[in-house]
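If you want the building blocks of each chain, they are given just below.
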There are 2 protein chains.
Amino acid sequence: MLQEEVFIRMVLDAWNVHVKRTDDVINSLSDEDLMKEIAPGRNRGIYLLGHLAAVHDKMLPVLGFGDQMNPKAYQVFVEQADKTIPELPSITDLRAYWNEVNARLATNFNNLTPKDWFQKHNSVSEEDFAREPHRNKLNLVVNRTNHLANHLGQLALLKSKKTG
Amino acid sequence: MLQEEVFIRMVLDAWNVHVKRTDDVINSLSDEDLMKEIAPGRNRGIYLLGHLAAVHDKMLPVLGFGDQMNPKAYQVFVEQADKTIPELPSITDLRAYWNEVNARLATNFNNLTPKDWFQKHNSVSEEDFAREPHRNKLNLVVNRTNHLANHLGQLALLKSKKTG
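Procedures and definitions
Within each chain, residue numbers correspond to sequence positions counted from 1 in written order. Here the convention is simple: chains get letters from A, ligands get numbers from 1, in the order in which they are written. Residues qualify for local features only when their pLDDT is at least 70, as the model is predicted, and side-chain atom pairs are given and counted only at 80 or more; totals for whole chains, interfaces and linings, by contrast, use all residues. Neither water nor hydrogens contribute to the side-chain values; these are computed over all heavy atoms in the structure. What counts as a salt bridge is simple: a side-chain nitrogen of Lys or Arg found within 4 Å of a carboxyl oxygen of Asp or Glu. Going along the chain from the N terminus, every DSSP run of H or I of four or more residues is numbered as a helix, and every run of E of two or more is numbered as a strand. The classification of residues rests on relative accessible area computed with a 1.4 Å probe and restricted to protein chains. Under 20% of the type maximum is buried, over 50% is exposed, and intermediate values are partly exposed. Lining residues are defined by having an atom within 4 Å of a point belonging to a cavity or pocket. Those points lie on a 1 Å grid over the protein atoms alone, cavities being sets where a 1.4 Å probe fits but cannot get out and pockets being open sets with protein on both sides within 12 Å along at least five of seven lines. Grid points are joined across faces, edges and corners, and a volume is the space filled by probe spheres set on the points. Each residue is assigned to one class: nonpolar for Ala, Val, Leu, Ile, Met, Phe, Trp, Tyr, Cys and Pro, charged for Asp, Glu, Lys and Arg, and polar for all the others, Gly among them. Whether two residues touch is decided by their heavy atoms; if any such pair falls within 4.5 Å, the residues are in contact. The term buried area denotes the loss of accessible surface (1.4 Å probe radius) that occurs when two parts are joined, taken as the sum for both partners. N or O atoms within 3.5 Å of each other form a polar contact, as long as, within protein, one can give a hydrogen and the other can take it, and as long as residues adjacent in sequence are counted only when both atoms are side-chain atoms. Each Phe, Tyr or Trp ring (for Trp, its six-membered ring) is paired with any other whose centre lies within 6.5 Å, and the angle between the two planes then decides the class: stacked below 30 degrees, edge-to-face above 60, tilted in between. Throughout this description, the term charge over a ring refers to an Arg CZ or Lys NZ atom that lies within 6 Å of the ring centre and within 35 degrees of the ring normal.

Before going further, it helps to spend a moment on the pattern of salt bridges. As enumerated under the stated definition, the model contains 18 salt bridges over all chains in all. Arg44(A) is the salt-bridge partner of Asp82(A), the closest N and O atoms lying 2.8 Å from each other. Taken as a pair, Asp82(A) in the loop between helix H4 (71-77) and helix H5 (91-111) and Arg44(A) in the loop between helix H2 (31-34) and helix H3 (45-62) lie far apart in primary sequence, 38 residues in all. Of the residues examined, Asp82(A) reaches a relative accessible area of 9% and is grouped as buried. Relative accessible area serves as the criterion here: at 16%, Arg44(A) is assigned to the buried category. Here Lys20(B) and Asp24(B) are joined by a salt bridge, their closest N and O atoms 2.9 Å apart.

Written out as structure tokens, the structure reads:
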């Protein structure tokens, strides 16, 4: 295996593990659980679910995979705070959105060549990329995996506590 | 920059950013804040601080940087759950331990050559590494960065809420 293939594998394994773990947590939570705050006065599960789906959706244009599926979700769940919007999408729709965005990313990831992964993403200029070649497509996935892990640790607080 | 240097930069940048963000959160919290639970019935800040320091300490032998500084901390903060140990180290000692472990890792990271980073770490056998060359030292840092991000999202819940 070429070293660049090894590196891509490292990054995509970490991404896939965290998407899977988040799926498992979300699927273990009822719609009622997702309406709860992760801690008193903090974000609700529904907001974190929408936030993660919208941040992943935004990866589509940044990685050159086409338009965002739902730009309005970005306004609601990234640019605005929880509990400031009177009407949110339904949890059913958000669960479907989360799954569809991740499926679309997975399909596009599979179609990239190793060389593609080390090209610049669309949020960095040609000039900056020439100086900072680590700001490539793969690096966006590294950063978004950490973002996901950060909120996964919070979402996991909504699971029922072990008794005993 | 060689491609392998680009990879290493990507991974270490993400690590350094998350250690710095965690430092900032920990330094913003009083000892009293750290005695609180991150959410009702969940881990306390002191436990997460000890947990992160002990997991980072364990990276020293796994990456071939020498012995753990404090193997007992691993027993207390990784192998056992919060609130099961009658006596924990002081928060002052845990803050110092966290800083010292990360400083020791940073020194050792700086001494590795690019080639070293792609060698196997000490928790994988030669046989497994031959089949799975992505299980290298750099990959351990990828995984531990995600682990840190996961708990950082939880520790951040201890910060005082914004008013307004």
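Estimated volume of the largest pocket: approximately 1300 Å³. Those elements that place two or more of their residues in the lining of the largest pocket are H3 and helix H8 (137-155) of chain A together with helix H1 (3-28) and helix H8 (137-155) of chain B. No other element matches the nine residues that H8(A) contributes to the lining of the largest pocket. Of the residues that constitute the lining of the largest pocket, the class distribution is 16 nonpolar, 18 polar and ten charged.

Each side of the interface is counted separately: chain B has 36 residues, and chain A has 35 residues. Buried area between chain B and chain A, summed over both chains or domains, comes out near 2900 Å², and the portion from carbon and sulfur atoms is 63%. At the junction of chain B with chain A, the criterion picks out zero salt bridges. There are eleven residue pairs in polar contact (both at pLDDT 80 or more) connecting chain B and chain A. At the level of secondary structure, the elements contributing two or more residues to the side of chain B that touches chain A comprise H1 and H8 of chain B. If one sorts the elements of the side of chain B that touches chain A by residue count, H8(B) sits on top with eleven residues. Here the residues of the side of chain B that touches chain A are counted per class, giving 17 nonpolar, 13 polar and six charged.

Turning to the packing of aromatic side chains, a few remarks are in order. In this description, an aromatic ring pair is defined by two values, namely the gap between the centres and the angle between the planes. Evaluation of the coordinates by the stated rule reveals eleven aromatic pairs over all chains. Measuring from ring centre to ring centre gives 5.9 Å for Trp15(B) and Phe109(B), while their planes differ by 70°; the resulting arrangement is edge-to-face. A residue pair is termed long-range when its members are at least 10 positions apart, and Trp15(B) in helix H1 and Phe109(B) in helix H5 (residues 91-111) qualify at 94 residues. Taken as a pair, Trp15(B) and Phe109(B) share a single burial class, namely buried. Each residue in the set Phe7(A), Phe118(A), Phe7(B) and Phe118(B) is aromatic and connected to the rest through ring pairs, giving one cluster. Directly above the ring of Tyr74(A) sits Lys58(A), whose terminal nitrogen or CZ lies 5.0 Å from the centroid.

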